[in-house]
Amino acid sequence: MHQALYHPEHGYYSSGRCAIGRTGDYFTNVSVGPLFGQLLGAQFVEIWERLGKTNNFAIVEQGAHDGQFARDVLEFVQKRAPEFFAALRYRIVEPFPVLQERQAQTLEPFRDRIEWCDSLQPFVGVHFSNELLDAMPVRLISRDVEKLVDVEGDKFVFVERPLRQGAAASRLPRDEGSFNQAALDWVERLAANLQRGYVITIDYGRSAAEFQEAVQVRARNRNLDSPFEQIGHADITMHVDWPSIAERAQANGLLVAGFTDQHHFLTGIVSELGRGGSLEPPAANWGQSPLPDSPGAKRELQTLLHPEMLGRAFQVLALSKNVDSAAPKLAGFKFAREPRSALGVSQDTTSESRAECASKC
């Protein structure tokens, strides 16, 4: 999976062959139109206000593809929240030159606001990703057996290998399925670099109450039968194991600030905003939408929210660090269940105490 997606020359993402949208290999939130970025932009404004309107606020995005989400956010906040726009820097973590070049073209009007880096750097603000974790390489583990890749003649095949016993086995996941060490390592790096603020990651996955185990391979908006089809020309993903992400985050000093499906997340943002694009809801007018009252915007909203479209397919996890744990929920989690019960994990009180202490210090 790592070689097929990220090989410097032949990888699906690293080569620039990845195609997103109705005529591409798969369809995601950004493909719907600018509304997704506008709503997230409003959520970022609230986070900036929550952090005291700091002047060194960074939006850090990983998995930015061609930069369209960043452009949608920046166009929205430049028009609707100029004070926030003046205070922010948009940082894209992008290790692949071909994608950085595409992002630079898309974001040309905002070049003075953008900076690129090939790995996470310390920041204050918000880290955002959309469909990043599902494309991180996984191990396929079932009971005491792991599936590996071998070659027979000129074909790739799966072979099975018993897991080693002892210390190595004790570090495997609690239940059978995929073991996403790359995602857990990412959480640790993120926790080490986030000085103060939030993490918002959107992806499709499983919670404690919903188990779905399958490698998904897509090309030209259809599912392929095997990851060995169209290698380097197809996307390979795996459902995100949200409880393991949350537990590793807590073990590294992050708090779970919210978890819900995309329908409830975006509905919460819309409900907290005022009519006409104001980020401050007018008196006695809660629940009025800031969205353009056009057929196109309504269609975009329906696609993003509808349970049979993208509303239930994606979940949203928010993590925080050095933020008052008694602060109200972010707008996107206004209608969310209590995150610990939704995820099936307990809050790490040691991590919570450590984060509160760091904030006060």
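Refer to the structure printed above.
Throughout what follows, the structure given in this document is the object of discussion. These figures come from a predicted structure and were not determined experimentally.

**A short note on the pairing of strand β3 (residues 114-117)**
Note: strand β2 (residues 88-93) against β3, four bridges, orientation parallel. Looking at β3, one finds that Tyr90 is bridged to Ile114. With helix α6 (residues 97-106) bridging β2 and the parallel β3, this β-α-β connection has right-handed handedness.

**A closer look at the sheet that holds strand β12 (residues 222-223)**
Taken together, the three strands give an open sheet; going across it, the order is β12-β11-β13, and neighbouring strands pair in antiparallel fashion. In this open sheet, the two strands that pair with only one neighbour each are β12 and β13 (235-238). Both strand β11 (residues 215-219) and β13 contribute to a ladder of four bridges, which runs antiparallel. The residue of β13 that forms the bridge with Val215 is Met238.

**Some remarks on the packing of helix α3 (residues 35-50) against helix α10 (residues 262-271)**
In the contact formed by α3 and α10, the axes pass within 10 Å of each other and the chain directions differ by 65°. With respect to the hand of their crossing, α3 and α10 are arranged in left-handed fashion. Here α3 contributes Phe36, Leu39, Leu40, Ala42 and Gln43 to the contact with α10, which in turn contributes Gln262, Phe265, Leu266, Ile269 and Val270. The residue makeup of the contact of α3 with α10, split by class, is eight nonpolar, two polar and no charged.

**Describing the sheet that holds strand β4 (residues 123-130)**
Reading across the sheet, the seven strands line up as β3-β2-β1-β4-β9-β16-β15 and stay open at both edges, with mixed pairing between neighbours. Two strands bound the open sheet, and with one partner strand each, they are β3 and β15 (255-261). The mean inter-strand angle of the sheet, taken between neighbouring strand axes irrespective of direction, is 20°. Alignment of strand β1 (residues 57-62) against β2, held across six bridges, turns out to be parallel. Across the sheet, the residue bridging to Phe57 is Leu88, located in β2. Against the sheet, helix α4 (residues 68-80) makes contact with β1, β2, β3 and β4, and its axis sits at roughly 175° relative to β2, the strand it touches most.

**Observations concerning unusual backbone geometry**
For His65, which is not a glycine, the phi torsion comes out positive at approximately 55°. Summarising the element assignment, His65 is placed in the loop between β1 and α4. Under the relative-accessibility criterion, His65 is labelled buried at 19%. Positive phi, normally seen in glycine, also occurs at Gln230, with a value near 50°. Take Gln230: its relative accessible area is 37%, and that puts it in the partly exposed class.

Conventions used here
Counting restarts for each chain: residues are numbered from 1 in the order of the written sequence. In keeping with the predicted nature of the model, local features appear solely for residues at pLDDT of at least 70, side-chain atom pairs appear and are counted solely at 80 or more, and the whole-chain, interface and lining totals rest on all residues. The side-chain figures draw on all heavy atoms in the structure; neither hydrogens nor water molecules are used. By definition, two strands form a pair when at least two bridges between them are found by DSSP. Runs of H or I in DSSP of at least four residues are treated as helices and runs of E of at least two as strands, each being numbered from the N terminus. For a crossover, the right-handed case is the one in which the path from the first strand over the helix to the second runs clockwise, viewed with the strands pointing away from the viewer. All axes here are fitted lines through C-alpha atoms, helices being fitted over the stretch that makes contact, and every angle between N-to-C directions spans 0 to 180 degrees. Handedness of a crossing is defined here by the sense of rotation of the near helix relative to the far one, left-handed for an anticlockwise turn of less than a right angle and right-handed for a clockwise turn. In this analysis, two residues are considered to be in contact whenever any of their non-hydrogen atoms come within 4.5 Å of each other. We call Asp, Glu, Lys and Arg charged. Ala, Val, Leu, Ile, Met, Phe, Trp, Tyr, Cys and Pro are nonpolar, and the rest, Gly among them, are polar. Throughout this description, buried means an accessible area under 20% of the type-specific maximum (1.4 Å probe, protein chains only), exposed means over 50%, and partly exposed covers the range between.

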